Amino acid sequence: MQVNGINVENATHEEVVHLLRNAGDEVTITVYYFKEAPSFLKLPLGSPDPPSDHSSGTSSPLFDSGLHLNGTTSNTAPSSPSSPTIQEPKYEKRWIDELSVPLLLARISRFKASTVKLRPNSFELLAQDGVSSGTLQFNSAHDSADWLRAISTNISDLTLQNMKMVNKCYSPSDQILHMGWASEKVQGSDGSHIYKFKFLVLKGSTFYIFKTPPVSTLDWARAEKMYNLCEVLFKVSKVWPADEIWIQENLYLNLNQSEDFEDQRPYCFSVLVGHGKSHYFSTELGSDLPVWERSFQKAIFMEVQRVGSKTYVCNSQGDVVCFTVDFVSGFTCFDSKSKNIIWRFKFSQLKGSSDDGKTRVKLLFQNCDTKQIEMKELEFQDLTGVLHCIHSFIAAKVASMDPTFINSQSVTRKYIYNT
């Protein structure tokens, strides 16, 4: 209220600062007690009441820390609190946002940018448009794990809601089955391997790879890569046991014990595509790996049942023929011109195969009448895609006959417990 006896109630902040700086080595300051302060500053109660002529001020430093008057105020001092007709203003605490990161289609980054090095007890949250939370540091691995679970669960729930809404615009054969973020291992400019975030989508008959999530109908044609689900092969590359999912110290220890993991992450899968090419992905959380495994299996199974059969043009002993994989009848080879069937075998008659890794494959079938093995050699332009298609149809056939087969063959279920 006063500085060295000079009244400063109506002075500006700059004037008071100037007065204090020129007050000398000693200064006498007169203040008044603010009765509402103890509840916020955690001071002991029972302090003396302020003088009636200084019951309240027009401003308070509590305003600068997110505390605001619950009511109306004026620039004049209110009446004495002893007055029964006027209610004293009360202060309430409100949240002030430092930064807001929308969780819809957001992604979590536990690794340092483009590397395989984990951030200890910390992670980064990035919104769909790239807005970053910065590195969120926690006191322990358990605190970090709790927040990871909570945030990832919210992201998954929002993604599922968004999928349901978007799927209303698509036909039953073109539904989005699963989508989400993963990091793809690519070769950097210096020849080393780095990881870049990619948005993956399983929709209808196609596996999409995007740089950013598609938000409009036109975006679907702007995918980096698109592959037919019948001609891709999902393969779990590496997985860590469940008790190491959240304990980063153990993860560091085990990574240091093997030189094979110098450029790899702990939760990885490959998607093998045509012409011998493949994409290598890493998930941020161990629980994401079995979700992608089940989603690929289901998407491929549904696509096989939808199309029913796939036909490829190939060469057999110098002749141009057509090779068909059919979900019901199995394998058929027929003349491309006359359409006459050259040979036909069921899935159960396929006893083995071998290929040169380029164009030629040898299929070994057992003749039901003679019980002899017959070899059929075919040459394809894209051998890998055809082999993946055969694998997809056989897996779908087995799954249709034994629904428990897929779960029993799941690699990640053996290591990661997922609720």
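Here the residue index of a chain counts from 1 through its sequence in written order. It should be noted that, the model being predicted, local features are given only for residues of pLDDT at least 70 and side-chain atom pairs only at 80 or more, the latter also being counted only at that level, while totals for whole chains, interfaces and linings use all residues. Only hydrogens and water are set aside; all other atoms, that is, all heavy atoms of the structure, feed into the side-chain values.

Looking at an unreviewed UniProt entry, one finds the chain named PDZ domain-containing protein, with Engystomops pustulosus as its source organism. UniProt positions are given in the numbering used here, feature names are shortened, and annotations may be inferred rather than shown by experiment. The UniProt entry for the chain carries the following text under Subcellular location (unreviewed entry): "Cytoplasm, Cytoskeleton". Quoted verbatim from the Sequence similarities (unreviewed entry) field of the UniProt record, the comment on the chain reads "Belongs to the syntrophin family."

*Asks:* What should I look at first to understand the overall build of the chain in this one?
*Replies:* Strands here mean DSSP runs of E at least two residues long; helices mean DSSP runs of H or I at least four residues long; both are numbered from the N terminus. The secondary structure content of the chain amounts to 7 helices and 22 strands. The burial tally for the chain puts 38% of its 419 residues in the buried class. Of the contacts formed within the chain by residues at least 6 apart in sequence, a portion of 50% connects residues at least 24 apart. Any residue under 20% of the maximum accessible area for its type is buried, any over 50% is exposed, and the rest in between are partly exposed; the area is computed with a 1.4 Å probe on protein chains only. Contacts are assigned to residue pairs with any non-hydrogen atoms lying within 4.5 Å of each other.

*Asks:* Whenever I open this one, the packing of helix H5 (residues 288-307) against helix H6 (residues 383-401) confuses me. Can you help?
*Replies:* Here H5 crosses H6 at 95°, and the two axes come no closer than 9 Å. Classed by the angle they form, the pair H5 and H6 counts as roughly perpendicular. Of the residues in H6, those in contact with Ile 300, Phe 301, Val 304 and Val 307 of H5 are Ser 392, Phe 393, Ala 396, Ala 399 and Ser 400. Of the residues in the contact of H5 with H6, the class split is 7 nonpolar, 2 polar and no charged. Simply put, an axis is a line fit to the C-alpha atoms, just over the touching stretch for a helix, and the angle between two N-to-C directions goes from 0 to 180 degrees. For this classification, under 35 degrees means roughly parallel, over 145 means roughly antiparallel, 65 to 115 means roughly perpendicular, and everything else is oblique. Each residue receives one of three labels: charged for Asp, Glu, Lys and Arg, nonpolar for Ala, Val, Leu, Ile, Met, Phe, Trp, Tyr, Cys and Pro, and polar for the others, Gly being one of them.

*Asks:* What exactly am I supposed to notice about the pairing of strand S10 (residues 193-203) here?
*Replies:* A regular strand places its side chains so that they alternate between the two faces of the sheet. In the sheet, strand S9 (residues 176-187) pairs with S10 via 11 bridges, with the strands oriented antiparallel. When the sheet's bridge partners are listed, Ala 182 is paired in S10 with Lys 198. Hairpin remark: S9 followed by S10, antiparallel, with 5 residues in the connecting loop; positive phi at Gly 191, about 90°. Whether two strands pair depends on DSSP finding at least two bridges between them.

*Asks:* How should a nonpolar patch on the surface be read in this particular structure?
*Replies:* Residues Leu 20, Val 27, Ile 29 and Val 31 make up a contiguous nonpolar surface patch of roughly 350 Å² in combined accessible area. Topologically, Ile 29 is positioned in strand S3 (residues 29-30). Patches in this entry comprise residues that are over 30% relatively accessible and not in a salt bridge; like charges within 9 Å are linked, as are nonpolar side chains (Val, Leu, Ile, Met, Phe, Trp, Tyr) within 5 Å. Note that accessible areas follow from Shrake-Rupley with a 1.4 Å probe, and for residues the cover is restricted to the protein chains shown. A pairing counts as a salt bridge when a side-chain nitrogen of Lys or Arg comes within 4 Å of a carboxyl oxygen of Asp or Glu.

*Asks:* Before we go on, may I ask you to explain the packing of aromatic side chains in this structure?
*Replies:* Think of a pair of aromatic rings as described by two things: how far the centres are apart, and how the planes are tilted against each other in angle. Working definition: rings of Phe, Tyr and Trp (its six-membered ring) pair if their centres are within 6.5 Å, and the pair is stacked with planes under 30 degrees apart, edge-to-face with planes over 60 apart, and tilted otherwise. For the structure on display, the rule yields 23 aromatic pairs. With a centroid separation of 5.4 Å and 35° between ring planes, the pair formed by Phe 269 and Phe 281 is classed as tilted. With Phe 269 in strand S14 (residues 268-272) and Phe 281 in strand S15 (residues 278-282), the pair connects residues that are 12 residues apart, well separated along the chain. Relative to Phe 345, the ring of Trp 343 has its centre 5.6 Å away and its plane inclined at 45°; by these criteria the two rings are tilted. The same class applies to Trp 343 and to Phe 345, which are both buried. Every member of this aromatic cluster is reached through a ring pair, and the members are Phe 207, Tyr 227, Phe 234, Phe 269, Phe 281, Trp 292 and Phe 296. Its guanidinium or amino end placed over the ring of Trp 220, Lys 203 lies 4.9 Å from that ring's centre, counting from NZ or CZ. Only when the NZ of Lys or the CZ of Arg is both within 6 Å of the ring centre and within 35 degrees of the ring normal is a charge said to sit over the ring. We note Lys 397 situated over the ring of Phe 327; from NZ or CZ to the ring centre the distance is 5.0 Å.

*Asks:* Looking at this structure, I do not really get the UniProt feature "domain: PDZ" (unreviewed entry) in the chain. What am I missing?
*Replies:* When the UniProt feature table is mapped onto this chain numbering, "domain: PDZ" (unreviewed entry) sits at residues 1-35. Each end of residues 1-35 is marked by a C-alpha atom, and these two atoms are 16 Å apart; helix forms 26% of the span and strand 17%.

*Asks:* Just to check I follow, could you spell out the confidence of the model for the chain for this structure?
*Replies:* Low-pLDDT portions of the prediction should not be read for the details of their coordinates. Per residue, pLDDT measures the predictor's confidence, with a range of 0 to 100. The pLDDT averaged across the chain works out to 82; a share of 77% of its residues lies at or above 70. Here helix H4 (residues 248-256) stands out as the least confident element of the chain, with mean pLDDT 40; strand S11 (residues 206-210) is the most confident, with 98. In this model, residues 47-83 is a region of pLDDT below 50 whose contacts with residues beyond four sequence positions or in other chains number 46 contacts. Confidence drops under a pLDDT of 50 for residues 242-262, and excluding neighbours within four residues, the segment shows 40 contacts in the predicted structure.

*Asks:* Help me understand the pattern of salt bridges in this model?
*Replies:* Should the charged atoms of two oppositely charged side chains come close, the side chains can pair. According to the stated counting rule, one finds 11 salt bridges in the structure shown. The salt bridge partner of Lys 198 is Glu 184, with a shortest N-O separation of 2.9 Å. Of this pair, Lys 198 sits in strand S10 while Glu 184 sits in strand S9, and the two are 14 residues apart along the sequence. We note that Lys 198, like Glu 184, is buried.

*Asks:* Just to check I follow, could you spell out the sheet that holds strand S2 (residues 6-7) for this structure?
*Replies:* Through backbone hydrogen bonds, the strands of a sheet pair up, either in parallel or in antiparallel fashion. Overall, antiparallel pairing links the 3 strands, which are arranged S2-S1-S3 in an open sheet. In this open sheet, the two edge strands, each paired with only one partner strand, are S2 and S3. Here 2 bridges tie strand S1 (residues 2-3) to S2, and the two strands are oriented antiparallel to one another. Bridged to Gln 2 within S2 is Asn 7.

*Asks:* I would appreciate a short explanation of unusual backbone geometry in the present structure.
*Replies:* Across the chain, the bulk of peptide bonds are trans and the bulk of non-glycine residues have phi less than zero. The phi dihedral of Lys 339 is positive, around 65°, even though this residue is not glycine. The residue Lys 339 is located in the loop between strand S18 (330-335) and strand S19 (341-345) in this model. At Lys 371, a position not held by glycine, the phi torsion is positive, near 65°. You can see Lys 371 is positioned in the loop between strand S21 (360-366) and strand S22 (373-379). The exposed category is assigned to Lys 371, whose relative accessible area is 54%.

*Asks:* Hey, could you run me through the sheet that holds strand S6 (residues 107-109) in this one?
*Replies:* Read from one edge to the other, the open sheet built from 3 strands follows the order S6-S7-S8, with strand pairing classed as antiparallel. With one partner strand each, in any of the chains shown, S6 and strand S8 (132-137) form the two edges of the open sheet. Between one strand axis and the next, the sheet turns by 20° as a mean value, whatever way the strands run. As defined by bridge partners, S6 adjoins strand S7 (residues 122-126) across 3 bridges and the pair is classed as antiparallel. Looking at the pairing, Ile 108 lines up with Leu 125 of S7. Against the sheet, helix H3 (residues 141-167) contacts S6 and S7, and its axis sits at roughly 20° relative to S7.

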